[in-house]
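What the coordinates show
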Amino acid sequence: MSHPILEMKGITKRFPNVVANDRVDLELYPGEVLALLGENGAGKSSLMNVVAGLYRADEGEIFIRGKRVEINSPRDSMNLGVGMVHQNFMLVDTMTVAENIILGLPDIPFRVDMEKVNERIRELSEKYNLQVDPESYIWQLSVGEQQRVEILKLIYRGAEILILDEPTAVLTPQESKELNRVLQQMTSEGKSAVFITHKMEEVMAFSNWVRVLNKGRLVTVKETQKTNPKELAQLMVGRDVLFRLAKKERQTGDVILDLKDVQALDDKGLPALQSISLQIRAGEIMGVAGVAGNGQKQLVEVLTGLRKITGGQIRIFGEEMANKNPLEIINCGVSHIPADRIARGVAGDMSVAGNLAMKCYRKPPLVKRGILHPRRIIDLAKRMIDMFRIDTPTPQTHAKFLSGGNIQKIILAREIDACGGVLIAAYPSRGLDVGATEYIRSQMIEQSECGTAILLISEDLEELMTVADKIMVLYEGRIMDILASSEANTEQIGLLMAGVTEGKTAVGHA
Amino acid sequence: MIELLTSLLAITLRSGTSLIYATIGEIYTERSGVLNLGIEGMMLMSAVTSFAVVYHTGSLLLAILTAMAVGGLLASVHAFLSITMRANQVVSGLSITLFGAGMASFLGQRLGPETNSGYLVGLVGAKFEPLNIPVLSRIPVVGALFNQDILTYIVYLVLPLAWYYLYKTRNGLNLRAVGENPQTADAMGINVGKVRYIYTIIGGMLVGIGGAHLSLSYAPGWTENITGGRGWIVIALVIFSMWNPARAIWGALLFGGINAVQFRLQASGTNIPASYLNMLPYLATVVVLVMLTWWEALSKRVGAPSSLAKSYMREDK
């Protein structure tokens, strides 16, 4: 075997209160793909940010092509041939694809010849089959296209060591395959790649080697061929994992949530929802699949009173609720688990108790003649903290000091407690570890068994298949199809997510 | 009539010149993500120091260089506070304005000759005289464009150059990225702090020229509060220009134009009280700004650099 092109020895990276990486070693060989597997918060991204020059390691050494290197800035890293596609894309929305690709390059002429740059980009996108128009603005592109821009950026800069941080999280299954192909092509040219993921199947499909991180420590190094998803899952979590949830057969009731021909615009004033019609019955979980940015956000917002609709009807419990304000909708029985839990779910500088009471504080016994009862709020909070197993030092602790999973439990507790029959859940398990995910999912199933109508938006097809009863697929603001989850398969949903219908027509609101 | 228009345009340009310098300066600063509210103080400081230099040395060039140095120096204080110390940029900028205004007033009583007990007020020094360009300056109305001082002629060059630099060069591209998305700029190997320092200081130098134009050409000499709030008008004009240097001219002409008209009205002996007329340019700027911002919001066009007034540090989450 040849010498590693990238070698990291004993890397330790500390953040205030947290050790992100604890003496981690890594070896990457030319022409190979190394998968870095681990749960959220296992330290995969921070380890790679050290190589990319965005973080500085507190301890440890880095060798590239056998030579010890100091990486103090992204520029150092780039000069060593390292290129990284970050989880949150590093793109300037208001600039064109070409401008983004040449951004910060020292060796382009002072007076930029955009035509020449565009030409070169077209050549490269031809060669690697990464279709994208160099003259489009980033904000005009889908997430999948934006990722192509990120990859083209690395190619344009001649990166030899590619780092991809959870690149498939935003892609359809077909786009993931496409990415795999590009990666194969690049490694066949002698480039090497580190591939960060928390999905076992991707490790199997993409990589030659796999390294598993758990709580900042390196747990194991395996040749991908000599391991299997089950073993990897165990190593990653540190215990056996149950993926299947017990779902009882149940009776669904009346139609609770009824949308007819709903239309809405996005922030740029472009159509985001186009004639959405669907019905959710009591006790039913309707899953929503789709690549991010296909109208999910707007769908949630129109249902919770955060966005006006421009046409159609929204009936909740038979009452017309379109364009009502959020309070009216809450009073009608709608609960909301927002996609951005920090921005819309909790007030970080308020106590856990305050956050838990944020929805029911208007009603007795928490309020009497307009005056709040702090004691009763604390009592209520203690009950909910017990019931939902929220891990917080005290009810008075500021919510922002809790982990993502526990913040999500605060929201879940509050919303379930106040729920009057409809629950809108947007990506409820996003970014949570396996334990918290299991808990959130089982809570939703329990709620539906109590007769709640649930709209569940998720980017995790596995989650939709196990939790939801029906799955509707959104593409460019339209419902492509609504499938029974027992009959659906990922392949089929993936095609629908990409806008391919296979000659089938939409079932509509069956 | 033609004579009236010619003279109106001439006054408009003269009173607009200092605004254009300062507006372009502030646009560059804000494009890097730094909001500098110290313009008023910086303009006053450069106005008083440049007049003092020209009074004592007689050199206009030296006076302009002084103004640039003073503007750049005050801007570098703001840069240090807001970029290195990560202070609140609004507070930092306001304190520079307060300091500059007080200091300029103080210097105005100390930098003068002993014969005037140190006062600069009421003294006469060298000033930028209009340079008449033969033939061109005799065209009706438009001729006013070619009967200006050298600083105004330079503005004709600065405007397109500032636009070209921002939109068509490598440095301009990097500058825009830094103000828009410093995380990305950093990851792409651009030194965010350095870029912000450079353009905050360059911006300050241009603001300095703007201040000097007031005391060396527009209203030669030193008077208390010579800027008359122009530093604040510049903040409005930056928004008005949608952070595009080429559009800085329209805002400056609007303010300068209404200023010229109200001058003319005052001179013609109208019975509207002068105080009301003096208010006009400011009022008009506010009204137009509100209307424009309203329209921009309506058409979903927002031009402010996304990271304006936000400090950046690499390992922040």
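These figures come from a predicted structure and were not determined experimentally.

1. A short note on the nonpolar core
Among the nonpolar cores identified, the biggest contains 107 residues, and Ile102, Val149, Ile151 and Tyr156 of chain A together with Ile24 and Trp222 of chain B are the most heavily contacted of them. Considering every element that reaches this core, the biggest residue donor is helix H2 (residues 39-57) of chain B, with 11 residues. Excluding anything up to four places from it in sequence, tyrosine 156 of chain A contacts Ile101, Ile102, Leu105, Val117, Arg120, Ile121 and Leu124 of chain A. The next biggest cluster of nonpolar side chains, apart from the first, holds 49 residues, and it includes Ala357, Phe388, Ala468 and Ile493 of chain A.

2. What about the environment of proline 365 of chain A?
Looking at where proline 365 of chain A falls in the secondary structure, it is placed in the loop between helix H12 (352-356) and strand S17 (367-368). If we ignore the near neighbours within four places in the chain, the residues touching proline 365 of chain A are His373 and Arg376 of chain A.

3. Here we look at the packing of aromatic side chains
This structure, assessed with the given rule, holds 10 aromatic pairs over all chains. Where tryptophan 163 of chain B meets tyrosine 167 of chain B, the ring centres are 5.9 Å apart and the plane angle is 40°; that geometry is what we call tilted. With tryptophan 163 of chain B and tyrosine 167 of chain B both in helix H5 (residues 150-168) and four residues apart, the pair spans about one turn of that helix. Taking the relative accessible area as the measure of exposure, tyrosine 167 of chain B reaches 24% and is therefore partly exposed. Grouped by ring-pair contacts, the aromatic residues Phe110 of chain A together with Tyr28, Tyr165 and Tyr199 of chain B constitute a single cluster. Over the aromatic face of phenylalanine 15 of chain A sits the side chain of lysine 13 of chain A, whose NZ or CZ is 5.1 Å from the ring centroid. Sitting over the face of the ring of tyrosine 439 of chain A, lysine 409 of chain A holds its NZ or CZ atom 5.1 Å from the ring centroid.

4. Topic: the interface of chain A and chain B
Contacts between the two partners involve 34 residues from chain A, matched on the other side by 23 residues from chain B. Carbon and sulfur atoms make up 62% of the area that chain A and chain B hide from each other, which totals about 2,300 Å². The largest per-residue losses of area from chain A upon contact with chain B belong to Met90, Leu103 and Phe110 of chain A, which jointly make up 24% of the total buried on that side. At the boundary of chain A with chain B, the tally comes to one salt bridge. With a shortest N-O distance of 3.2 Å, arginine 176 of chain B and glutamate 99 of chain A are connected by a salt bridge. Our enumeration of links across chain A and chain B arrives at 11 residue pairs in polar contact (both at pLDDT 80 or more). The residue inventory of the side of chain A that touches chain B, partitioned by class, reads 18 nonpolar, seven polar and nine charged.

5. Let's talk about the confidence of the model for chain B
On average, chain B scores 92 in pLDDT, and the residues at 70 or more come to 98%. This prediction of the complex comes with two scores: 0.80 for pTM and 0.90 for ipTM.

6. Some remarks on the domain arrangement of chain A
Residue and element names in this part refer to chain A. Structurally, chain A comprises domain 1 (6-237), domain 2 (253-333 + 422-432 + 454-510) and domain 3 (341-418). Centre-to-centre, using C-alpha coordinates, domain 1 lies 33 Å away from domain 2. With nine residues of domain 1 at the interface, the matching set in domain 2 holds 13 residues. Across the interface of domain 1 and domain 2, roughly 810 Å² is buried in total on both sides, 60% from carbon and sulfur atoms. Taken together, the links from domain 1 to domain 2 amount to one salt bridge. Between lysine 177 and glutamate 491 there is a salt bridge; the shortest N-O distance is 3.9 Å. Joining domain 1 to domain 2, the criterion identifies zero residue pairs in polar contact (both at pLDDT 80 or more). By residue number, the principal contributor to the side of domain 1 that touches domain 2 is helix H6 (residues 173-188), which donates three residues. For the side of domain 1 that touches domain 2, the per-class residue count stands at five nonpolar, three polar and one charged.

7. A few points about the environment of methionine 78 of chain A
When you line up the elements, methionine 78 of chain A lands in helix H2 (residues 74-79). The spacing of methionine 78 of chain A and glycine 53 of chain A is 25 residues in sequence and 8.6 Å in space, taken between C-alpha atoms. Beyond its immediate chain neighbours, meaning those up to four positions away, methionine 78 of chain A contacts Arg157 of chain A together with Ala187, Met188 and Gly189 of chain B.

8. Considering the confidence of the model for chain A
Interpretation of the predicted coordinates at a detailed level should be avoided for regions scoring low in pLDDT. With 95% of its residues at a pLDDT of 70 or more, chain A shows a mean pLDDT of 88. Low confidence marks residues 504-510 of chain A, where pLDDT is under 50. Its contacts with residues over four positions away, or in another chain, come to 15 contacts.

9. Overview of the sheet that holds strand S5 (residues 67-69) of chain A
Residue and element names in this part refer to chain A. Reading across from one edge, S2-S1-S4-S5 is the order of the four strands in this open sheet, with antiparallel pairing throughout. A strand with exactly one partner marks an edge of an open sheet, and here the two such strands are strand S2 (18-28) and S5. For this sheet the average axis-to-axis angle between neighbouring strands, irrespective of direction, equals 30°. Looking at chain direction, strand S4 (residues 59-64) and S5 are connected through three bridges and run antiparallel. Paired with isoleucine 64 across the two strands is lysine 67, which belongs to S5. Strand contacts of helix H1 (residues 44-52): strand S1 (6-15), S2 and S4, with the helix running at about 115° to S1, the strand carrying the most contacts.

Definitions and limits used
- Residues numbered from 1 in each chain as written.
- Chains lettered and ligands numbered in written order.
- Predicted model: local features only at pLDDT ≥ 70, side-chain atom pairs only at ≥ 80, totals over all residues.
- Heavy atoms only, no water.
- Core = buried A, V, L, I, M, F, W, Y, C linked by side-chain atoms within 4.5 Å.
- Buried < 20%, exposed > 50% of the residue type's maximum accessible area, 1.4 Å probe, protein only.
- Helix = DSSP H or I, 4+ residues; strand = E, 2+ residues; numbered from the N terminus.
- Contact = heavy atoms within 4.5 Å.
- Phe/Tyr/Trp six-rings, centres within 6.5 Å; stacked < 30°, edge-to-face > 60°.
- Lys NZ or Arg CZ within 6 Å of the ring centre and 35° of its normal.
- Buried area = accessible area lost by both parts, 1.4 Å probe.
- Salt bridge = Lys/Arg side-chain N within 4 Å of Asp/Glu carboxyl O.
- Polar contact = N/O pair within 3.5 Å; in protein donor to acceptor, adjacent residues only side chain to side chain.
- Nonpolar A, V, L, I, M, F, W, Y, C, P; charged D, E, K, R; others polar.
- pLDDT = per-residue confidence, 0-100.
- Domains from an automatic or database assignment.
- Pairing = 2+ DSSP bridges.
- Axes fitted to C-alpha atoms, helices over the stretch in contact; angles between N-to-C directions.

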